[in-house]
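What follows is each chain in one-letter form.
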There are 2 protein chains.
Amino acid sequence: MSFFSRKMDYALLVLSHLGKNQQGSSAREISTRYAISRPFVANILKTLCHHGFLESHRGVHGGYVLKRKPESVSLAEVMNAIDEPFSLMECSTETDTLRCSIKPFCTIHTGMAEVHEKIKGILQSVTLGEILSPESKTGGRFLGLELVSSDQVE
Amino acid sequence: MSFFSRKMDYALLVLSHLGKNQQGSSAREISTRYAISRPFVANILKTLCHHGFLESHRGVHGGYVLKRKPESVSLAEVMNAIDEPFSLMECSTETDTLRCSIKPFCTIHTGMAEVHEKIKGILQSVTLGEILSPESKTGGRFLGLELVSSDQVE
DNA sequence: TGAAACAGTACCGTTTTAGTCCTAATATTA
DNA sequence: TAATATTAGGACTAAAACGGTACTGTTTCA
């Protein structure tokens, strides 16, 4: 199993497709372009629209348009919309932690919480913009930590 | 769904338990300690043993002992043994990439490959030793990048 | 008015996961 | 040597998640 669900894969594909084609696309166009079944891609588009990533237009020449700037859309946000918020382990979120019966003597809780934060940091810091043009990188910052190299941010 | 399967969660728990108790433990001890069903924890112990993380001793006072130094065991290795190698997306590994039909015009392949490497880097760099004692960290280095601030990474 | 497109929801089949069970092998101890 | 405690190995099952489909309705445009 992959980390990202297939739905998430396609959502990113769709978002970047619309990020490149700023005049928008219909579900049909996208489904034929990438050979994804139409109802399936329509489902994904709907969800993305519902969460405010896209703008939909009905009618004969309708379709979807990216509503937000690619640079402002993080992987973490897309994940929250499509699947559910990132969680490293069963007990990673606060509510889960509360009902974890072994927490009092759990030898790995603290350590794993740190790993959770590291990965979450990556998902929050990587944006659709970076995915579209990988060469324009985080440049100088990584996970919110200042680096020796003083290249400009993004 | 969590990033780690429950099997993986328990595997880490088991490994760190044995990392702390260097005289070893039987499957029964561990299962009662953490309230995991005995056959299930036995399954996990078996797998870990089979992959060389543990040493098993049969008989009345048998049980399992951690065979490797905690500092040498990375999360990525445990994951490879328990589930399967980390993969961000369906097309993240080289063989998958080869049979990805849309790769020629995929707008996210390169970008996502970088994200894949970032997360893989974390899984490879975090060891069982760090999970056991989170304060003794990578100290000043993170993913091979030198940091300006000398505060603990946390 | 009809066709093209989105909206919403319910549903199904397959795969994966979590967990169990059973039998055999091995080591200890009395 | 016999009883017992433990691991070894593998087959098996139930339940949940995932991927994907189907259907029905609504809006827009020509």
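Definitions and cut-offs
- Residues numbered from 1 in each chain as written.
- Chains lettered and ligands numbered in written order.
- Predicted model: local features only at pLDDT ≥ 70, side-chain atom pairs only at ≥ 80, totals over all residues.
- Contact = placed C-beta atoms within 7 Å.
- Helix = DSSP H or I, 4+ residues; strand = E, 2+ residues; numbered from the N terminus.
- Nonpolar A, V, L, I, M, F, W, Y, C, P; charged D, E, K, R; others polar.
- Least-squares fit on C-alpha atoms with pLDDT ≥ 70 in both.
- Pairing = 2+ DSSP bridges.
- Buried ≥ 20, exposed ≤ 12 C-beta atoms within 10 Å, placed from the backbone.
- Arc of directions from axis to C-beta.
- Near = placed C-beta within 6 Å.

**Structural notes on the interface of chain A and chain B**
In many reports, interface size means the accessible area that the parts give up when they come together.
Here is step 1 of the chain: Each side of the interface is counted separately: chain A has 40 residues, and chain B has 42 residues.
Here is step 2 of the chain: Elements that contribute at least two residues to the side of chain A that touches chain B include exactly α1 (6-20), α6 (109-125), α7 (128-132) and β4 (145-146) of chain A.
Here is step 3 of the chain: With eight residues, α6(A) is the largest single contributor of residues to the side of chain A that touches chain B.
Here is step 4 of the chain: Residues of the side of chain A that touches chain B, tallied by class, amount to 23 nonpolar, nine polar and eight charged.

**What to know about the relation of the copies chain A and chain B**
Here is step 1 of the chain: With an RMSD of 0.1 Å, chain A superimposes on chain B once it is rotated by 180 degrees and translated 0.0 Å along the axis. Expressed as a symmetry operation, the mapping of one chain copy onto the other fits a two-fold axis.
Here is step 2 of the chain: A shared interface surface links the copies, since 100% of the contact residues of chain A are contact residues in chain B too.

**Comments concerning the pairing of strand β2 (residues 63-66) of chain B**
On a regular strand, one side chain projects to one face of the sheet and the next to the other, so that they alternate.
Residue and element names in this part refer to chain B.
Here is step 1 of the chain: Sheet analysis places strand β1 (residues 54-57) next to β2, joined by four bridges and oriented antiparallel. Looking at β2, one finds that Leu-54 is bridged to Leu-66.
Here is step 2 of the chain: The hairpin turn running from β1 into β2, its antiparallel successor, is five residues long, and Gly-59 in that turn takes a positive phi close to 95 degrees.

**Describing helix α4 (residues 75-82) of chain B**
Residue and element names in this part refer to chain B.
Here is step 1 of the chain: What α4 keeps buried is the set Leu-75, Val-78, Met-79 and Ile-82. When α4 is viewed along its axis, its buried side chains cluster within an angular range of 100 degrees and face the same direction.
Here is step 2 of the chain: Buried residues along α4 sit in contact with α1 (6-20), α3 (38-50) and α6 (109-125).

**Here's the deal with the protein's contact with DNA strand C**
Here is step 1 of the chain: Around DNA strand C sit 27 residues in total, of which Ala27(A), Ser56(A), Arg6(B), Ser37(B) and Gly59(B) are the nearest.
Here is step 2 of the chain: Of all the elements in the fold, those that place two or more residues in the surface near DNA strand C are α2 (27-34), α3 (38-50) and β2 (63-66) of chain A together with α1 and α3 of chain B.
Here is step 3 of the chain: The leading source of residues in the surface near DNA strand C is α3(A), at five residues.
Here is step 4 of the chain: Here the residues of the surface near DNA strand C are counted per class, giving nine nonpolar, twelve polar and six charged.

Spatial relationships are all this shows, so hold off on functional conclusions.
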